[in-house]
Amino acid sequence: MNLPERLTQDLDAARLFVAGAVHEGEETILLLAPDEPGFWPHVTAQPEFTDGASDPLDRWSRRVIEAMATAHGGRAILPSDGPPYAPFFQWALGSGQAFASPVQMLVHARMGLWTSFRGALALPERLPLPAPAANPCPDCAAPCATACPVNAFGAGVYDTAACHNFLNTSGGEICLSGGCLARRACPLSESYGRLASQSAWHMRQFHT
């Protein structure tokens, strides 16, 4: 996507990339995601991860994206803001860069099933949007659909109870230490460069 040079520099410095963009009225909504490899070592070295306070990743995201919004005349949008919550899922689908997967989670053309957004930047102009990506799922053998040991994604909904129960067992350590096996099964997830330590951190936030 063709962005102003200064904004590109700010994104690079924060180890974020534009994972999708949509027009909403006269604004362009840029969906910002971790730029791997390299995001996790960068973000865990920031003050939010060393001050002992809770929610370090969300606090870092707010600080960085709000600073970008101020610098570029836009506004910051965070997934944690709400209710009402911003429609990140719908924006992602509308961007043509993310798609519904066989396990209900979003699959992204670059991130695979590791799809996540640290926030969004709304700019007060209609920038040219990137061309839609190809949906990676139709021609994929969908190993994600059978990768979960307890089939938590097999009934058309996410069975969170089954997931948590498995994570309480010794067998669940494989997910706790490296992230959800269904997410890891996606070929795009494998090529994204996300570190197992990042996935382990997120799993510990999910399964307290």
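Residues numbered from 1 in each chain as written. Predicted model: local features only at pLDDT ≥ 70, side-chain atom pairs only at ≥ 80, totals over all residues. Heavy atoms only, no water.

A. Main features of the side chain of Ser95. Mapping Ser95 onto the fold places it in the loop between helix 4 (88–94) and strand 4 (98–100). At a separation of 2.7 Å, a polar atom in the side chain of Ser95 contacts the main-chain carbonyl oxygen of Ala92. From its side chain, Ser95 meets the backbone nitrogen of Gln97 in a polar contact 3.2 Å long. Setting aside its immediate chain neighbours within four residues, Ser95 contacts Ala19, Gly20, Ala21 and Val22. (Helix = DSSP H or I, 4+ residues; strand = E, 2+ residues; numbered from the N terminus. Polar contact = N/O pair within 3.5 Å; in protein donor to acceptor, adjacent residues only side chain to side chain. Contact = heavy atoms within 4.5 Å.)

B. Expanded view of the sheet that holds strand 6 (residues 119–123). Taken in spatial order, the four strands make up an open sheet running 1-2-6-3, and their pairing is antiparallel. The open sheet has two free edges, formed respectively by strand 1 (16–24) and strand 3 (75–77), since each of these has just one partner strand. Mean inter-strand twist for the sheet, computed between neighbouring axes without regard to direction, equals 25 degrees. Where helix 1 (residues 5–14) meets the sheet, it contacts strand 1, strand 2 (27–34) and strand 6, and its direction lies at approximately 135 degrees from that of strand 1. (Pairing = 2+ DSSP bridges. Axes fitted to C-alpha atoms, helices over the stretch in contact; angles between N-to-C directions.)

C. Just the pattern of salt bridges, in detail. Counted according to the given criterion, the structure contains eight salt bridges. The salt bridge partner of Asp51 is Arg59, with a shortest N-O separation of 2.9 Å. For Asp51, a relative accessible area of 45% translates into the label partly exposed. The class of Arg59 is partly exposed, set by a relative accessible area of 27%. In this structure, the salt-bridge partner of Glu66 is Arg62, at a minimum N-O distance of 3.2 Å. You can see Glu66 and its partner Arg62 sitting in helix 3 (residues 56–71), four residues apart, about one turn around the helix. Through salt bridges that share partners, Arg62, Glu66 and Asp81 make up one connected network. (Salt bridge = Lys/Arg side-chain N within 4 Å of Asp/Glu carboxyl O. Buried < 20%, exposed > 50% of the residue type's maximum accessible area, 1.4 Å probe, protein only.)

D. Here's a closer look at unusual backbone geometry. Following Gly82, the chain continues to Pro83 via a peptide bond in cis, the omega torsion being 0 degrees. Of note in this structure, Gln104 is not a glycine but carries a positive phi near 75 degrees. Tracing the backbone shows Gln104 in the loop between strand 4 and strand 5 (106–108). Gln104 sits in the partly exposed class, given a relative accessible area of 31%.

E. Molecular detail of helix 1. For helix 1, the full list of buried residues reads Leu7, Leu11 and Ala14. Taken end-on, helix 1 shows its buried residues confined to a sector of 65 degrees, consistent with a single buried face. Of the residues in helix 1, the exposed ones pointing more than 90 degrees away from the buried face are Glu5 and Ala13. Buried residues along helix 1 sit against strand 1, strand 2, helix 2 (39–43), helix 3 and strand 6. Arg15 sits one or two positions beyond helix 1 and adopts a positive phi of about 60 degrees. (Arc of directions from axis to C-beta.)

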